[in-house]
Structure formats: C-alpha cells, structure tokens
Amino acid sequence: MADQLSAQDWIDFGLKTLAKSGFTALKAEPLAKAMGVSRGSFYWHFADIGAFHTAVLERWREVATEQIIAGVEAARAKNKDEDPLSVLLRLTFGSKHVLEKAVRSWAANDARARAAVAAVDRRRLDYIEGLLKQAGRAEEFSRARAQILFWAFFGYALTDQPLSQERQRAVLGELLRIVAR
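Residues numbered from 1 in each chain as written. Predicted model: local features only at pLDDT ≥ 70, side-chain atom pairs only at ≥ 80, totals over all residues. Heavy atoms only, no water.

Examining the packing of aromatic side chains
Alright, step 1. Taken as a whole and assessed by the stated rule, the structure comprises nine aromatic pairs.
Alright, step 2. On the basis of an interplanar angle of 85° and a centroid distance of 6.0 Å, the ring pair of phenylalanine 93 and phenylalanine 153 is categorised as edge-to-face. Separated by 60 residues along the polypeptide, phenylalanine 93 in helix H5 (residues 84-93) and phenylalanine 153 in helix H8 (residues 139-158) bring together distant segments of the chain. When sorted by exposure, phenylalanine 93 lands in the same class as phenylalanine 153, which is buried.
Alright, step 3. Following the ring pairs from residue to residue traces out a cluster consisting of Trp10, Phe42, Tyr43, Phe46 and Phe52. (Phe/Tyr/Trp six-rings, centres within 6.5 Å; stacked < 30°, edge-to-face > 60°. Helix = DSSP H or I, 4+ residues; strand = E, 2+ residues; numbered from the N terminus. Buried < 20%, exposed > 50% of the residue type's maximum accessible area, 1.4 Å probe, protein only.)

Here it is as structure tokens:
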C-alpha cells in the first residue's frame, strides 16, 4: 500500500481485518505491518487505538445500518408501490454477515463496542417500527413485529447454514406475510 494513507483507508482496512480476524487484531502495529507502512502513519490519523476503534465502529454503523436505510429510502422514492419492508428484507437477508458477527463478538468484550451495538440495534428497531407505522399499523403491533423481524435477522446473520436463493425468497415472503398481516 502507498505511504500516503488516509484515515478512511485505515478504517476500511480495520473493518476488513475485524471481519476476517476479529477485534483482537485491531492494533496499530500489526495493521501497519499488514498495510506495508510504519506505525507512524496510524498515529498521524488517530490519537490512539481507542480513537481508531471508535472510528471503526462508526463506519460499521454507516455500512451496516445507514447505507441500508438509504437504500430502502431510495427504492421507495423510485417506486412508490414497492413495499419498503420487502426491500429491507432483500437488502439485509441478501448478504453475508461476517462483520455483524465480529462486531457483536467485540461487544461481548468491550464497553465501547457494546454501546455502539446497542445504538445500532435501537436505530434498526426504530426504523422497522416506523415502516410498519407508515403502513398503517398500530404502535404496539409495529413495536412487536419490528422485534420479530429483528430477531429473525439475527437468526439469519448468526447461522452458518445458508439457504438456496429460491428457499430464501420463499422464507422471506412468508416472514413478510407474517409480520405485515
């Protein structure tokens, strides 16, 4: 890698390292070595490892939540007839969740990561609940169904047994039917 790395380069590499090797690999020296630069490059961009960890967690929030919500909203703006919950399920259940597992493992061992996960979980639940309310569902219904969807997502995210695309489409269709009725 080039000597002129940006903070974003470090953060992106941190996310890849987190997904591949876990939170214990998020240290300046081994990251710098893997990137082919001096440790000084790291400290040029981050005051300390804690600042780097905060930046990595913020980027995870952006990638794993805000970009997905933006995708749902963009699809919604483009096609008013498309069910936003259906779009959300396609986006969230359509990818692997190695990073999700890694961040949650980190959260089990670190208060900063635990707080980031709690904030992301709250944002996700609030968004799903909001979609259900916008569809005309009552508040209690929306809250309960949002929780059900949230739990279903984690069952999917934490499993190592993927479904075929056809089976996954069928399961998501049924999940959407159960949650929306």
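Details of the environment of arginine 145
Alright, step 1. Its place among the elements puts arginine 145 in helix H8.
Alright, step 2. Sequence separation between arginine 145 and leucine 31 is 114 residues, and the spatial gap between their C-alpha atoms is 42 Å.
Alright, step 3. Those residues in contact with arginine 145, other than ones at most four positions away along the chain, are Leu132, Ile178, Val179, Ala180 and Arg181. (Contact = heavy atoms within 4.5 Å.)

Some points on the side chain of glutamate 100
Alright, step 1. Here glutamate 100 lies in helix H6 (residues 98-107).
Alright, step 2. Take glutamate 100: its relative accessible area is 3%, and that puts it in the buried class.
Alright, step 3. Engagement of the side chain of glutamate 100 in a polar contact is seen with the side chain of arginine 104, the distance being 2.8 Å.
Alright, step 4. Side-chain polar atoms of glutamate 100 contact the side chain of arginine 124, separated by 2.9 Å. (Polar contact = N/O pair within 3.5 Å; in protein donor to acceptor, adjacent residues only side chain to side chain.)

Overview of helix H9 (residues 165-180)
Alright, step 1. Taking 1.5 Å as the rise per residue, H9 with 16 residues should run 22 Å; its terminal C-alpha atoms sit 22 Å apart, in good agreement.
Alright, step 2. Along H9, the residues classified as buried are Gln168, Leu172, Leu175, Leu176 and Val179. Looking straight down H9, one finds that the buried residues subtend no more than 100° of arc, so they occupy a single side. (Expected span 1.5 Å × (residues − 1). Arc of directions from axis to C-beta.)

Here's the deal with the layout of surface pockets
Alright, step 1. Of the volumes computed, that of the largest pocket is approximately 480 Å³.
Alright, step 2. Forming the boundary of the largest pocket are 23 residues, of which Phe93, Gly94, Ser95, Tyr156 and Gln168 lie nearest the centre.
Alright, step 3. Among the secondary structure elements, those contributing two or more residues to the lining of the largest pocket are H5, H6, H8 and H9.
Alright, step 4. Sorting elements by how many residues they give to the lining of the largest pocket places H9 first, with six residues.
Alright, step 5. Looking at side-chain class alone, the lining of the largest pocket contains nine nonpolar, nine polar and five charged residues.
Alright, step 6. Lining the second largest pocket are 23 residues, with Ala64, Ile68, Thr92, Arg124 and Phe153 sitting closest to its centre.
Alright, step 7. For the lining of the second largest pocket, the secondary structure elements donating two or more residues are helix H4 (49-78), H5, H6, helix H7 (111-134) and H8.
Alright, step 8. Of all the elements, H4 adds the most residues to the lining of the second largest pocket, at six residues. (1 Å grid on protein atoms, 1.4 Å probe; cavity = no way out; pocket = protein on both sides within 12 Å on 5 of 7 lines; lining within 4 Å. Points joined across faces, edges and corners; volume = space filled by probe spheres on them. Nonpolar A, V, L, I, M, F, W, Y, C, P; charged D, E, K, R; others polar.)

A look at the packing of H6 against H7
Alright, step 1. It is the contact of H6 with H7, at a shortest axis distance of 7 Å, that shows an interaxial angle of 130°. When the axis of H6 is compared with that of H7, the two are oblique. H7 is crossed by H6, and the crossing has left-handed handedness. Contacts between H6 and H7 involve Glu100, Val103, Arg104, Trp106 and Ala107 from the first element and Ala113, Arg114, Val117, Asp121 and Arg124 from the second.
Alright, step 2. Class assignment of the residues belonging to the contact of H6 with H7 gives a composition of five nonpolar, no polar and five charged. (Axes fitted to C-alpha atoms, helices over the stretch in contact; angles between N-to-C directions. Parallel < 35°, antiparallel > 145°, perpendicular 65-115°, else oblique. Left-handed = near helix turned anticlockwise from the far one by under 90°.)

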